[in-house]
Amino acid sequence: MRLEKCWFCSSTVYPGHGIQYVRNDAKVFRFCRSKCHKNFKMKRNPRKVKWTKAYRRLNGKDMTQDATFEFERKRNRPERYDRSVTENTLKAIKKIDKVRVDREARHHAQRMKGKKAQVLREATKELEQSIHMVKAPAALQEDSSLTLPKIKVKVSQPTEDNRMLE
């Protein structure tokens, strides 16, 4: 069973699925769904469309350099069938998939590393701005522990020299 890659979004196209477009110069384009085909006909660049694999790789959202991608390459050279080689290949495929999943998880964790502090800051700011929606004003006046602590900032008093200049 031959699994092709969609020309536009790089997803897998299974036999009997998708659309095949052949240009006048006999170049064959395979698409996984009509969405990809329509975007191709509109002459959109896959590197600029945010949901494609090309965009994600170009902007550091997905892994680009990994040895496990070497095994996905298309090979047109026929190999002589050998049962032991086939068994070893199938075992290796499972190991490679596990390695790839682990590396992708590590890549995702690395990308999201600095996100936690930012989310916490945004949540605190939103809570400060809309605490009145969470609790009634009367409850806030009675129990000061419900409000966030106020930050005190020292403001320098203008001196007499500065007043004369103004």
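These numbers come from a predicted model, not from an experiment. (Residues numbered from 1 in each chain as written. Predicted model: local features only at pLDDT ≥ 70, side-chain atom pairs only at ≥ 80, totals over all residues. Heavy atoms only, no water.)

Draft legend 1. Main features of the overall build of the protein chain. Secondary structure assignment for the protein chain yields seven helices and four strands. For the protein chain, the α and β elements follow one another from N to C terminus as β-β-β-β-α-α-α-α-α-α-α. Within the protein chain, the fraction of its 166 residues that count as buried is 16%. In the form shown here, the protein chain has an accessible surface area of approximately 15000 Å², with 53% of it arising from carbon and sulfur atoms. (Helix = DSSP H or I, 4+ residues; strand = E, 2+ residues; numbered from the N terminus. Buried < 20%, exposed > 50% of the residue type's maximum accessible area, 1.4 Å probe, protein only. Areas by Shrake-Rupley, 256 points an atom, 1.4 Å probe, with all protein chains shown as cover.)

Draft legend 2. Structural context of unusual backbone geometry. Positioned with a positive phi, Ala 26 is a non-glycine residue whose angle comes to about 70°. With respect to the element layout, Ala 26 can be found in the loop between strand 3 (19-22) and strand 4 (28-31). Phi at Lys 43 is positive, roughly 60°, even though this residue is not glycine. Inspection of the secondary structure assignment puts Lys 43 in the loop between helix 1 (34-41) and helix 2 (53-58).

Draft legend 3. The arrangement of the UniProt feature "domain: TRASH" (unreviewed entry) in the protein chain in detail. Residues given the UniProt feature "domain: TRASH" (unreviewed entry) here are residues 6-44. For residues 6-44, the end-to-end C-alpha separation is 15 Å, with 21% helix and 26% strand making up the annotated structure. (UniProt positions renumbered as here; feature names shortened; annotations may be inferred.)

Draft legend 4. Structural view of the side chain of His 37. Mapping His 37 onto the fold places it in helix 1. Residue class for His 37 comes out buried when judged on its relative accessible area of 13%. With residues up to four places along the chain from it excluded, the contact list for His 37 reads Ile 19, Tyr 21 and Phe 31. (Contact = heavy atoms within 4.5 Å.)

Draft legend 5. Quick look at the pairing of strand 4. Because side chains alternate across strand 4, one face comprises the buried residues Phe 29 and Phe 31, and the other comprises Val 28 and Arg 30, none of which is buried. Two elements, strand 3 and strand 4, share four bridges in a ladder whose sense is antiparallel. Bridging from a neighbouring strand, Gln 20 pairs with Arg 30 of strand 4. In this structure, the hairpin formed by strand 3 and strand 4 is closed by a connection of five residues, where Ala 26 is found at a positive phi of approximately 70°. (Pairing = 2+ DSSP bridges.)

Draft legend 6. Summary view of the nonpolar core. Counting residues in each nonpolar core, the largest one holds ten residues, listed as Cys 6, Phe 8, Cys 9, Val 13, Phe 29, Phe 31, Cys 32, Cys 36, Phe 40 and Val 49. When contributions to this core are tallied by element, the ones reaching two or more residues are strand 4 and helix 1. (Core = buried A, V, L, I, M, F, W, Y, C linked by side-chain atoms within 4.5 Å.)

Draft legend 7. Representation of the pattern of salt bridges. All chains considered together, the criterion is met by five salt bridges. When the shortest N-O distance is used, the salt bridge between Arg 23 and Asp 25 registers 3.2 Å. A residue is classified by how much of its surface remains accessible, and Asp 25, at 52% relative accessible area, is exposed. A salt bridge links Asp 102 to Lys 98, with the shortest nitrogen-to-oxygen separation between them at 3.5 Å. In this pair, Asp 102 and Lys 98 are both assigned in helix 3 (residues 83-111), four residues apart and thus about one turn of the helix distant. Judged by relative accessible area, Lys 98 falls into the exposed class, the value being 55%. (Salt bridge = Lys/Arg side-chain N within 4 Å of Asp/Glu carboxyl O.)

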